[in-house]
Amino acid sequence: MIHLQFPYGKEHKELSLPRRQVKAVLTSELERYRPDCDAETLVRRALEAPIGSLPLHELSRGKQRVTIIASDHTRPVPSKLLMPQLLREIRTGNPEAEITILIATGCHRETSREELIAKFGEEIVAQEKIVVHDCDDVENMVLLGTLPSGGECWVNRLACEADLLVSEGFIEPHFFAGYSGSRKAVLPGVAGRSTVLANHCAEFIDHPASRAGSLQENPIHRDMVWAARKAGLAFILNVVLNGEKENIHAVAGDMEAAHEAGCRFLEGLCGVEAAMADIVITTNGGYPLDQNIYQAVKGMTAAEATVNQGGVIIMMAKSNDGHGGEAFCRELMAGDDMDALMADILRRGRGETLPDQWQAQIMIRILQRARVVYISDADDALVSKLHMTPAHSLEEAMVLASQLLGKEEPTVTAIPDGVGVIVHS
C-alpha cells in the first residue's frame, strides 16, 4: 500500500491505495531544499550582488521621488524582512529621498491598516508614507500607451512619475502568467481595471503558452513586461518561499534578468513530469489558498496537465468561504454545456473582458477535459451548480470517481500541492 497525505485547510487528510494503482506522486523539491544561510542573509546577499543592474544604493543617488511597489494582504511576501533592507539601501544612496510605499492591490479590495501592520510591522506603518492602489481611481492614473494586447495601459501616477521605481515580491508558479513576481507588481499590481481586463482577455487565456512555468511566447507575460518597462520599473527584490512561507532564495536587480534567474531556480525545484492517469488527486496547498472555490481553480490546473481525457480530478479545498466570486459563479452557472459556455467566452474581444471571466474560462477548460469530484466544506448544492460532484472524504471521492469512470481499479496520480508544482506534459 501507498499512504498519501494531502493538506486541507490547516489540517491534512490521508488515503491509502494499492501500490499497483498509483502511477506517481508528484511533489516539489522546495520542502527539501535548505539554503546555506538564514533568510535575512539571503536578502542581503541578493542586494549586494544584483543581477543585470547596479546596486540599489547607487541607483538611488540623486533620485528624489522613490516609489516602492509592495504586495497586498493576499500575498505571503515577507515584507517585514524585505522592506527594511530596501529602505536602508535607498537611503544609503540618498538620505533625503522621498519614499512612498505603494500597495499593489490589483483589482482586490483595499488593504486595511491592521493588515498593513501585520505585513510591515508597527514602525514602518507609523513612519513611512504608504498609499494603497485603487484600480478605479482614474484621476490618479497615467496613460502610458497601448499594450501589445491592444488595451490601453493605465498605471498609478505614483509609479509612473517616480524618479526611481522599485518593487518587492515573490516568485511562484502562476497558472496563466507563467510565474508571479517582478513585472506583475505593475500589471496587474498598480494598473487600472480596464488594463487588467485587457491583459486577462479570453484570447490570451486560451493561448497554449499561458500556463504555469511558461514565459516564452506567453502573451500575458509579454503585456506585463511591456507595462513594467514603460512604467520604469528599475529594480526588483523577489524571494522564493517554501510551503511554510519561509524564504529560501532571493534575487535582486533588473526586472527581467533577476526574475528569470529566480524562475530558473524555482523550475529546478518545482518542475515535474506528467504521469497520465484516470484519476488525479490534488489540492490548493491548504490554508490560506484553499478558502474558496475560485482560488481552487489554480490547483486544478496542475491535475489538468496529467489527467487522461475523460478522466476525473479529485480536488480538495476546504472552501469554508464558499465560491469566492459572484461573477465567476455567474459565468459557470450560465449553462450546462461546457463547449457552449467556452464558445461564448471566446467570442469576446480583448476589450470585452468581464471581471473574473478568466477564472471561469480556465475552470470550463478543465471541465472539458475531466470531471471534478470536489472535497470541501462548501454547500453541496453550490458545488453541484458549478458542475462538480461534491464529496467529504477521500474514500467517498474515490468511490464516486470510480463510478464515474466505470472502472474498479482506475490508475491514480497524486499531487499533494497543486499550486507548488509545474507539470510538464
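Numbers given to residues run from 1 along each chain, matching the order in which its sequence is written. In view of the model being predicted, local features appear only for residues whose pLDDT reaches at least 70, and side-chain atom pairs are presented and counted only at 80 or more, with totals across whole chains, interfaces and linings using the full set of residues. The basis for every side-chain value is the complete set of heavy atoms in the structure, and neither hydrogens nor water enter the calculation.

Asker: Can you tell me about the sheet that holds strand β3 (residues 22–25), naming the residues and giving the values?
Answerer: Strands sit in the order β3-β19-β15-β16-β17-β18 across an open sheet of six strands; the sheet is parallel. Each having just a single partner strand, β3 and β18 (389–391) make up the two edges of the open sheet. Strand-to-strand, the axes of this sheet are offset by a mean angle of 20°, without reference to chain direction. Two strands pair if DSSP finds at least two bridges between them. Each helix is a run of DSSP H or I of at least 4 residues and each strand a run of E of at least 2, with the numbering of both proceeding from the N terminus. Relative to strand β17 (residues 371–375), strand β16 (residues 307–316) runs parallel, the two sharing five bridges. Residue Met315 lies in a different strand from β17, and its bridge partner there is Tyr374. Contacts were defined at the residue level, with two residues in contact if any of their heavy atoms lie within 4.5 Å. Here the axes come from fitting lines to C-alpha atoms, over the contacting stretch only for helices, and the angles between their N-to-C directions go from 0 to 180 degrees. Against the sheet, helix α11 (residues 293–304) makes contact with β15 (277–283), β16, β17 and β19 (412–415), and its axis sits at roughly 140° relative to β16, the strand it touches most. Strands β15, β16, β17, β18 and β19 of the sheet are contacted by helix α16 (residues 394–405), whose axis makes an angle of about 160° with β16.

Asker: Pulling in residues and values, what's your account of the state of the cysteines?
Answerer: Defined simply, a disulfide is a covalent bond joining two cysteines at their sulfur atoms. The disulfide definition used here is simple: a pair of cysteine sulfur atoms within 2.5 Å. Under the counting rule described, the total for this entry stands at zero disulfides. Cys153 takes part in no disulfide bond, and the closest cysteine sulfur to it belongs to Cys160, at a distance of 7.4 Å. Judged by relative accessible area, Cys153 falls into the buried class, the value being 0%. A disulfide-free cysteine, Cys201 has its sulfur positioned 14 Å from the sulfur of Cys153, the nearest such atom. Buried means the residue's accessible area, taken with a 1.4 Å probe over protein chains only, is under 20% of the maximum for its type, while exposed means over 50%, and partly exposed covers the values in between.

Asker: Report on the packing of aromatic side chains, specifying residues and quantitative values.
Answerer: In this analysis, rings of Phe, Tyr and Trp, with Trp reduced to its six-membered ring, are considered paired at centre separations within 6.5 Å, and the interplanar angle assigns stacked below 30 degrees, edge-to-face beyond 60, and tilted for intermediate values. With the rule as written, the count across this model stands at three aromatic pairs. Both rings, one in Phe175 and one in Phe176, keep their centres 4.9 Å apart while their planes meet at 50°; by these two values the pair is tilted. Looking at Lys13, its charged tip hangs above the ring of Tyr8, at a distance of 4.7 Å from the centre. Comment: the charge-over-ring label is applied if NZ (Lys) or CZ (Arg) is within 6 Å of the ring centre and within 35 degrees of the ring normal.

Asker: Tell me about the nonpolar core, residues and numbers included.
Answerer: By size, the foremost hydrophobic cluster in this structure holds 90 residues, and its most contacted members are Val155, Val186, Ile293, Met300, Phe328, Tyr374 and Met388. When sequence neighbours within four positions are dropped, the list of residues in contact with Phe328 reads Ile293, Tyr294, Val297, His323, Asp356, Gln359, Ala360 and Met363. Grouped together as the second largest cluster of nonpolar side chains are 33 residues, Cys37, Leu86, Ala97 and Ile124 included. As used here, the term nonpolar core means buried Ala, Val, Leu, Ile, Met, Phe, Trp, Tyr and Cys residues forming a set that is joined through side-chain atoms within 4.5 Å.

Asker: Can you lay out the sheet that holds strand β4 (residues 65–71) for me, pointing to particular residues and giving the numbers?
Answerer: With mixed pairing, six strands are arranged side by side in an open sheet as β6-β5-β4-β9-β12-β13. Pairing within the sheet leaves two strands with one partner each, and these edge strands are β6 (129–132) and β13 (247–253). Shown here is a sheet whose adjacent strand axes are inclined to one another by a mean of 20°, direction ignored. Contacting β12 (233–241) and β13, helix α1 (residues 39–48) crosses the sheet at an angle of about 15° to β13.

Asker: Give me the lowdown on the pairing of β16, citing residues and values where you can.
Answerer: Along β16, seven of the ten residues are buried, which leaves the element largely enclosed by surrounding structure. As defined by bridge partners, β15 adjoins β16 across six bridges and the pair is classed as parallel. The residue of β16 that forms the bridge with Val280 is Ile313. Crossover connection from β15 via α11 to parallel β16: handedness right-handed. Here the term right-handed applies to a crossover when the path leading from its first strand over the helix to its second strand runs clockwise, the strands being oriented away from the viewer.

Asker: So what about the pairing of strand β8 (residues 152–156)? Which residues, and what values?
Answerer: Strand direction decides the pairing type here: strand β7 (residues 141–146) and β8, joined by four bridges, are antiparallel. Each residue of the ladder has a partner; that of Val142, found in β8, is Val155. Here β7 folds back onto β8, and the loop between the two strands holds five residues, one of which, Gly150, carries a positive phi near 100°.

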